[in-house]
Amino acid sequence: MMEYAITICEGPTCIGRHADRLRAILLEELAKRGLKDHVRINISGCLGMCHKGPFLVVNPGYTIYGGVTESDIPVIVEEHIVKDRPIARLAVQEDHLFNRFYRIFGDVGFFGKQMRITLRNCGIIDPENIDDYLALRGYEALAKVLTEMTPQQVIAEVKQSGLRGRGGAGFPTGLKWELTAKQPGPEKYVICNADEGDPGAFMDRSAIEGDPHTILEGMIIGGYAIGSNHGIVYIRAEYPLAVRRLEIAIQQARQHNLLGKGILGTNFDFDIEIRLGAGAFVCGEETALIQSIEGARGMPRPRPPFPATSGLFGKPTLINNVETWANIPVIILEGAKWFSSIGTETSKGTKVFALAGCVVNTGLVEVPMGTTIRQVVYDIGGGIPGGKRLTAVQTGGPSGGCLPESYLDTPVDYESLAKAGSIMGSGGMIVMDETACMVDVARFFLEFTQSESCGKCTPCREGTKRMLEILERIVQGKGRPGDIERLERLGNMIKKASLCGLGQSAPNPVLSTIRHFRDEYQQHIEQKRCPAGVCKALLTYTITDACVGCGACKKVCPVGAISGTKKEKHVIDQAKCIRCGQCYTTCKFNAISRS
Amino acid sequence: MVTPLDLIRKKRAEAVSRIIGKGYLAAKRVYVGMATCEIAAGSKEVMEVFKQAIAKGIVKDVYLSQKGCAGRCNLEPTVEVIETGKMPVRYGRIDADKARQIIEKHLKGGQVIEEWVIG
């Protein structure tokens, strides 16, 4: 008897067609025949084949049964599962670009619930071999564009897809392309922004390291659409492997006449070069990035003019994020209509998140827009380890905000996240449990943006410094009445008056934590208490009656603050205690209390 | 006239035959995660174990390839063993020693080591 895994798509459309009922019948049928131990049932999120739903995928072999009815179930079990004879009559041929990923990973819960469009090849192909990419319809989108589409048609397709910038701001990509294409003159630039700088974010690095050709293909199509011959990938030097794989990919693409002069026998020329950034956070901002490529100090400048009209070396420039570029070949091959069927009214397609922090399954997650944060954290992420309680989910890195438990049902789309007080951002998602102090988290992110502020405009340079000073004194137990209001006033001022996105978003972590966790701030300021037990200066360690006098804490204390005789209760000298917490973690009898 | 689409279809066919020429149709295909994150977790040593085993002829009829990161951070390094007609087997948290055991038990003995499998 062979082992099988059957995946049932329970995306919204398939549920609407009673996929859950089919699952119940399937389980019944398997139980009746005593096959339960041989067949594993998985439930997946939307797999993008809505028009064929409800459907089942039987592995191994990746047979897709579409338009399945209740009476088909016994037939599938009898023929395919028992006799190992796939049923051609019910099988549908869906050669989606991302099928291959699911062939290998579709029955793993963590992956099955995702929808992999931009990451479709990550983890299944050799990124250093163009053959692996070509074999999976690689560069076919480029060939299609060069064969049957005018630049205007390409732009119309991207516009119709509803794709928006994945760097975080969400500007409609097609519109950006159109604006750049309209500019006169033969000299234009295409840039891929791979200056990923959010602490804890690694979406772009993984995408480039796993499938560099997708990004190149997207850029070449972009060059064709706007009439440019010159592409640049701006990537930080601290991603050496990603840089090397890009170099290899560019070299191989040139050998195959996919880059360079007369691409694929046409008269279209396009080449791509790599520019390394030194790792300044502000260089992710497009105007600062352009300055950095030009050899100047990476500092933003006021917009307009936007790069679309006057960008690199004063020429029209099309600049998109890594993930945005990776969507382009899919849109061309699968069609704008299909792409726009995924997601919400205003946000189409999928979004990649780097899921990190206090969550069981950390990793890269790609989900359709409109998926709720709760689904990402619990269904895919597996929830919070150690039975702890979730305090907040941080999205958007240092430019984003913290959302509390009550906001977990916020769908992932540009507007909903902004309304909740955070932002989509480039895709950082950090889960925090009860051991995280919201004031300290806000201080951490602000410390980052403050040190990364380029110093050009006063609100960002001076404002973030003042805000950080206030936060530092709060966590030191020196907070003053009115500090919360001062932070709010400063924060709103910085948001309104800063020159670029860095300053305009830097107060978000502080403002969102004040909005959702105001009582934590109040406890820090008024009662000099850190409820999460994080802010060292506000903690007091005492030994309770549970102490058996084993002496372990005395031994581990680095400053000799603990005294007591063996088998008797020990005492901590508060004047000597440096609140390092070593006694707390060492004690086996829970006899040390922290408050 | 030869269109770019014709050209790319030809390239695709050539690429497939080159991959097959490298032994893709072997009985077992082994993929080792080799992104920065996987390498940091120790996947280079794992890769080396498989490479050596093939070079020394300890295992035969195995196609070995590197791959990028699928995104399973806390279970890296990851290794997949894929056999036609069978469920792909995905191993997590593999080190050099576990790789040797995969070679012995799974590749040679046909025995999946369940406790390391990512479900």
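Residues numbered from 1 in each chain as written. Chains lettered and ligands numbered in written order. Predicted model: local features only at pLDDT ≥ 70, side-chain atom pairs only at ≥ 80, totals over all residues. Heavy atoms only, no water.

## A short note on the overall build of chain A
Inclusion rule: Each helix is a run of DSSP H or I of at least 4 residues and each strand a run of E of at least 2, with the numbering of both proceeding from the N terminus. Atoms counted for the radius of gyration: C-alpha only. Globule rule: 2.2 Å times residue count to the power 0.38. Using a 1.4 Å probe on the protein chains alone, a residue whose accessible area is under 20% of its type maximum counts as buried, one over 50% counts as exposed, and one in between counts as partly exposed. In what follows, a contact means two residues having at least one pair of non-hydrogen atoms within 4.5 Å. Using the Shrake-Rupley algorithm and a 1.4 Å probe, accessible areas are obtained, with residue cover drawn only from the displayed protein chains.
A tally of regular secondary structure across chain A gives 25 helices and 17 strands. The C-alpha radius of gyration computed for chain A amounts to 27 Å, which stays within 12% of the reference 25 Å derived for 595 residues, consistent with globular compactness. Projected onto the principal axes, the alpha-carbon positions of chain A cover approximately 80 × 70 × 40 Å. Taken over 595 residues, chain A has a buried fraction of 60%. Restricting the contact set of chain A to residue pairs at least 6 apart, pairs at least 24 apart contribute 68%. Surface summary for chain A: the accessible area is close to 22,400 Å², and the carbon and sulfur share equals 52%.

## What about the nonpolar core?
Residue and element names in this part refer to chain A. Heads up, the rule is: By convention a nonpolar core is built from buried Ala, Val, Leu, Ile, Met, Phe, Trp, Tyr and Cys residues, the set being connected through side-chain atoms within 4.5 Å.
Ranked by size, the top nonpolar core spans 144 residues in total, and within it Tyr 139 and Trp 177 carry the most contacts. Examining the composition of this core, we find that eight residues originate from one element, helix α11 (residues 212-226), more than from any other. Membership of the second largest hydrophobic core comes to 22 residues, among which are Leu 468, Ile 484, Leu 490 and Ile 494.

## With respect to the packing of helix α18 (residues 438-452) of chain A against helix α22 (residues 508-516) of chain A
Residues and elements named next belong to chain A. Test applied: To get an axis, fit a line to the C-alpha atoms, keeping to the stretch in contact for a helix; angles then go from 0 to 180 degrees between the N-to-C directions. Under this scheme an angle from 65 to 115 degrees is roughly perpendicular, one under 35 degrees roughly parallel, and one over 145 degrees roughly antiparallel; angles in between are oblique. For a crossing to be left-handed, the near helix must be turned anticlockwise from the far one by less than a right angle; the clockwise case is right-handed. The nonpolar class holds Ala, Val, Leu, Ile, Met, Phe, Trp, Tyr, Cys and Pro. Asp, Glu, Lys and Arg form the charged class, and all remaining residues, Gly among them, are polar.
Relative to each other, α18 and α22 sit at 165°, their axes nearing to 8 Å. Relative to α22, α18 is oriented roughly antiparallel. Between α18 and α22 lies a crossing of left-handed hand. Contacts between α18 and α22 involve Met 438, Ala 442, Phe 445 and Leu 446 from the former and Pro 509, Val 510 and Thr 513 from the latter. Among the residues making up the contact of α18 with α22, the classes are represented as six nonpolar, one polar and no charged.

## Observations concerning unusual backbone geometry
A negative phi angle characterises most non-glycine residues, just as the trans form characterises most peptide bonds. With an omega of -5°, the peptide bond running from Gly 53 of chain A to Pro 54 of chain A counts as cis. Within the secondary structure, Pro 54 of chain A is located in the loop between β2 (39-44) and β3 (56-59). For the bond from Glu 76 of chain B to Pro 77 of chain B, the omega torsion is -5°, close enough to zero to count as cis. Note on placement: Pro 77 of chain B falls in the loop between β2 (62-67) and β3 (79-83). Here the phi dihedral of Asn 257 of chain A falls at roughly 60°; this positive angle occurs in a residue that is not glycine. For Asn 257 of chain A, the position within the fold is in the loop between α12 (240-255) and β7 (271-277).

## Some words on the pairing of strand β11 (residues 390-395) of chain A
Each regular strand shows side chains that alternate between the opposite faces of the sheet. All names here are of chain A. Let me state the cut-off plainly: Only strands joined by at least two bridges in the DSSP assignment are considered to pair.
Summarising burial for β11: six of the six residues are buried, a large majority. By the bridge criterion, five bridges tie β11 to strand β13 (residues 428-433) in an arrangement that is antiparallel. Note on β13: the bridge partner recorded for Ala 392 is Met 432. Where β11 and strand β12 (residues 401-404) come together, four bridges link them in antiparallel fashion. Each residue of the ladder has a partner; that of Ala 392, found in β12, is Pro 404. Hairpin connection from β11 to β12: five residues lie between these consecutive antiparallel strands, with Gly 396 at a positive phi of about 85°.

## So, the interface of chain A and chain B
Let me state the cut-off plainly: Defined in terms of a 1.4 Å probe, buried area is the accessible area two parts forfeit on being brought together, summed over both. Basic side-chain nitrogens of Lys or Arg form a salt bridge, by our definition, when they fall within 4 Å of a carboxyl oxygen of Asp or Glu.
Each side of the interface is counted separately: chain A has 54 residues, and chain B has 38 residues. The junction of chain A with chain B conceals about 3,600 Å² of combined surface from both sides, 58% of it contributed by carbon and sulfur atoms. A per-residue breakdown of the area chain A buries against chain B is headed by Ile 104, Asp 131 and Leu 264 of chain A, which together make up 14% of the total. Where chain A touches chain B, the interface holds two salt bridges. The closest approach of N and O atoms between Arg 12 of chain B and Glu 140 of chain A, which form a salt bridge, is 4.0 Å.

## Some remarks on the side chain of Asn 327 of chain A
Within the element layout of this structure, Asn 327 of chain A appears in helix α14 (residues 322-334). If we skip the residues at most four places from it in the chain, Asn 327 of chain A touches Ile 117, Thr 118, Leu 163, Arg 166 and Phe 339 of chain A.

## Comments concerning the domain arrangement of chain A
Selection rule: Domain boundaries shown here were taken from an automatic or database domain assignment.
Parsing chain A into structural domains produces domain 1 (4-94), domain 2 (130-335), domain 3 (350-433), domain 4 (438-526) and domain 5 (540-594). Here the C-alpha centre of domain 5 of chain A lies 59 Å away from the C-alpha centre of domain 2 of chain A.

## A few points about the environment of Cys 73 of chain B
When you line up the elements, Cys 73 of chain B lands in the loop between β2 and β3. Counting along the chain gives 66 residues from Cys 73 of chain B to Leu 7 of chain B, while the straight-line C-alpha distance between them is 39 Å. Residues within four places of Cys 73 of chain B in sequence aside, it is in contact with Phe 202, Thr 362, Gly 363 and Leu 364 of chain A.

## What to know about the sheet that holds β2 of chain A
All names here are of chain A. The four strands lie next to each other as β2-β1-β3-β4, forming an open sheet whose pairing is mixed. Every interior strand has two partners, whereas the edge strands, β2 and β4 (63-65), have only one. Direction aside, the axes of adjacent strands within the sheet are offset by 20° on average. The sheet contact formed by β3 and β4 spans three bridges and is antiparallel. Counted as the bridge partner of Leu 56 is Tyr 65 from β4. Contacts between helix α2 (residues 19-32) and the sheet are confined to β1 (4-9) and β2, with β2 contributing the most and set at about 175° to the helix. Lying over the sheet, helix α3 (residues 72-82) contacts β1, β2, β3 and β4, oriented at roughly 15° with respect to β3.

## Here's the deal with the environment of Thr 180 of chain A
Among the structural elements, Thr 180 of chain A can be located in helix α9 (residues 173-182). Residues Thr 180 of chain A and Leu 22 of chain A, 158 residues apart in the sequence, show an inter-C-alpha distance of 50 Å.

## What about the packing of aromatic side chains?
All names here are of chain A. Formally: What counts as a ring pair is set by centres within 6.5 Å for rings of Phe, Tyr and Trp (its six-membered ring), and what kind of pair is set by the plane angle: stacked under 30 degrees, edge-to-face over 60, tilted for all other angles. Only lysine NZ and arginine CZ atoms are considered, and such an atom sits over a ring when it is within 6 Å of the ring centre and within 35 degrees of the ring normal.
Evaluation of the coordinates by the stated rule reveals 13 aromatic pairs over all chains. Both rings, one in Phe 110 and one in Phe 111, keep their centres 5.0 Å apart while their planes meet at 80°; by these two values the pair is edge-to-face. In this structure Phe 110 comes out as buried when scored by relative accessible area, which is 4%. A cation sits over an aromatic face here: Lys 351 above Phe 353, 5.7 Å from the ring centre. Against the face of Tyr 584 rests Arg 594, its NZ or CZ located 4.4 Å from the ring centre.

## As for the sheet that holds strand β9 (residues 350-357) of chain A
Pairing between the strands of a sheet is mediated by backbone hydrogen bonds and can be parallel or antiparallel. Residues and elements named next belong to chain A. Reading across from one edge, β10-β9-β13-β11-β12 is the order of the five strands in this open sheet, with mixed pairing throughout. Two strands close off the open sheet at either side, each with one partner strand: β10 (363-368) and β12. Across the sheet, the mean angle from the axis of one strand to that of its neighbour is 30°, orientation sign disregarded. Relative to β10, β9 runs antiparallel, the two being bridged by six bridges. Bridge pairing in β10 links Thr 350 to Pro 368.

## Notes on a nonpolar patch on the surface
As a reminder, the rule being used: Within the patch definition used here, like charges are joined within 9 Å and nonpolar side chains (Val, Leu, Ile, Met, Phe, Trp, Tyr) within 5 Å, considering only residues with over 30% relative accessible area and no salt bridge.
A cluster of nonpolar side chains, contributed by Phe 171, Leu 175 and Leu 179 of chain A, occupies part of the molecular surface with about 230 Å² of accessible area. Here Leu 175 of chain A is to be found in helix α9.

## Topic: the packing of helix α3 (residues 43-55) of chain B against helix α4 (residues 96-108) of chain B
Packed helices, taken two at a time, are described by their axes: the angle between them and the distance between them. All names here are of chain B. The interhelical angle for the contact between α3 and α4, taken along N-to-C directions, is 40°, at an axis separation of 8 Å. With respect to α4, the axis of α3 lies oblique. Both α3 and α4 take part in a crossing whose hand is right-handed. Residues Glu 45, Val 46, Val 49, Phe 50 and Ala 53 of α3 touch α4, and the partners they reach there are Ala 96, Ala 99, Arg 100, Ile 102, Ile 103 and Leu 107. Here the residues of the contact of α3 with α4 are counted per class, giving nine nonpolar, no polar and two charged.

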